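Single-letter residue listing:
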Amino acid sequence: MNALSPPQQSISTVDPKGLIACPVCDALHKDSTVPTGSTARCVRCGSVLMAPRKNALTQIVMLAATSSVLMVAAVFFPFMDLTAGGMSTHSSLYDAVMAFSSGLLLPLSFATAALIVLLPLLRFLAILYALAPMALGHKPARYGVAAFRFAQSLKPWAMAEIFIVGVVVALVKVAGLATVNLGPAFWAFVALVLVTTLKDTVMCELTIWKTFEERSQS
């Protein structure tokens, strides 16, 4: 683990292209090569600036592809069964989205579909489009930079993990009133959240931007 050194010259004499700003405290650091497996941290607040990992692009692409498959499974497979008083109810994620599809609640249906399904899936596909060519050793795809920027802009709005936390809280309250049988879609969604978290942990955004720049010039 190491820290990037702050610029010793005055800002007016330093090339801005050779500086890196900390995303947390805005402290400026000299851009330098960080060895694979090492971590560069801000000298002021200790935030991670760069953390290049061996085969990181391949890992990110594989995890994004896995997340896409898990999302499709989570939408269409049975999510859970509820049994109470001799009556059973079967539900899927698709049923949860369509439950608000009539009357004044229609906008809520669109919001649920977008935040839980569409935006996360769009983010996975944008990451695949942007990084897959570079993971295979090629130059960045056309509009790959825009696709990756779009994927990162969707990150705060992709709320799959918020949904699964809400489901778990609801199950705790319902468990005493009904018999709950969790379906394959529930476990697919749990796996989706774990894989997405792992992908975001492996991903070093600054390293990816530098890779875009290097591959575009080669």
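Residues numbered from 1 in each chain as written. Predicted model: local features only at pLDDT ≥ 70, side-chain atom pairs only at ≥ 80, totals over all residues. Heavy atoms only, no water.

Let's shift gears to the sheet that holds strand S7 (residues 87–92). Strands sit in the order S7-S6-S8 across an open sheet of three strands; the sheet is antiparallel. Each end of this open sheet is capped by a strand with a single partner; those strands are S7 and strand S8 (179–182). Averaged over all pairs of adjacent strands, the angle between their axes in this sheet comes to 15°, without regard to strand direction. In this structure, strand S6 (residues 78–84) lies alongside S7, joined through six bridges in antiparallel fashion. When the bridges of S7 are listed, Asp81 appears paired with His90. (Pairing = 2+ DSSP bridges. Helix = DSSP H or I, 4+ residues; strand = E, 2+ residues; numbered from the N terminus. Axes fitted to C-alpha atoms, helices over the stretch in contact; angles between N-to-C directions.)

Core analysis: the biggest nonpolar cluster contains 41 residues, and Phe79, Leu131, Phe189 and Ile208 have the highest contact counts within it. Contributions of two or more residues to this core are made by helix H1 (56–76), S6, helix H3 (106–135), helix H4 (144–154), helix H5 (160–174), helix H6 (184–202) and helix H7 (205–217). Considering each element in turn, this core owes the most residues, 11 residues, to H1. Core analysis: the next-biggest nonpolar cluster, separate from the first, contains five residues, Val34, Ala40, Met50 and Cys204 among them. (Core = buried A, V, L, I, M, F, W, Y, C linked by side-chain atoms within 4.5 Å. Buried < 20%, exposed > 50% of the residue type's maximum accessible area, 1.4 Å probe, protein only.)

On to the packing of aromatic side chains, then. Counting across every chain of the model gives seven aromatic pairs. On the numbers, 5.9 Å between centres and 50° between planes, the contact of Phe148 with Phe212 is tilted. Of the two residues, Phe148 is situated in helix H4 and Phe212 in helix H7; the sequence distance between them amounts to 64 residues. An identical accessibility class is assigned to Phe148 and Phe212; each is buried. Ring plane angle 40° and centroid distance 5.7 Å describe the contact between Trp209 and Phe212, whose orientation is recorded as tilted. Here Trp209 pairs with Phe212, and both are found in helix H7, just three residues apart, close to one helical turn. Taking the relative accessible area as the measure of exposure, Phe212 reaches 2% and is therefore buried. Aromatic ring contacts, followed pair by pair, group Phe79, Phe163, Phe186, Trp187 and Phe189 into a single cluster. (Phe/Tyr/Trp six-rings, centres within 6.5 Å; stacked < 30°, edge-to-face > 60°.)

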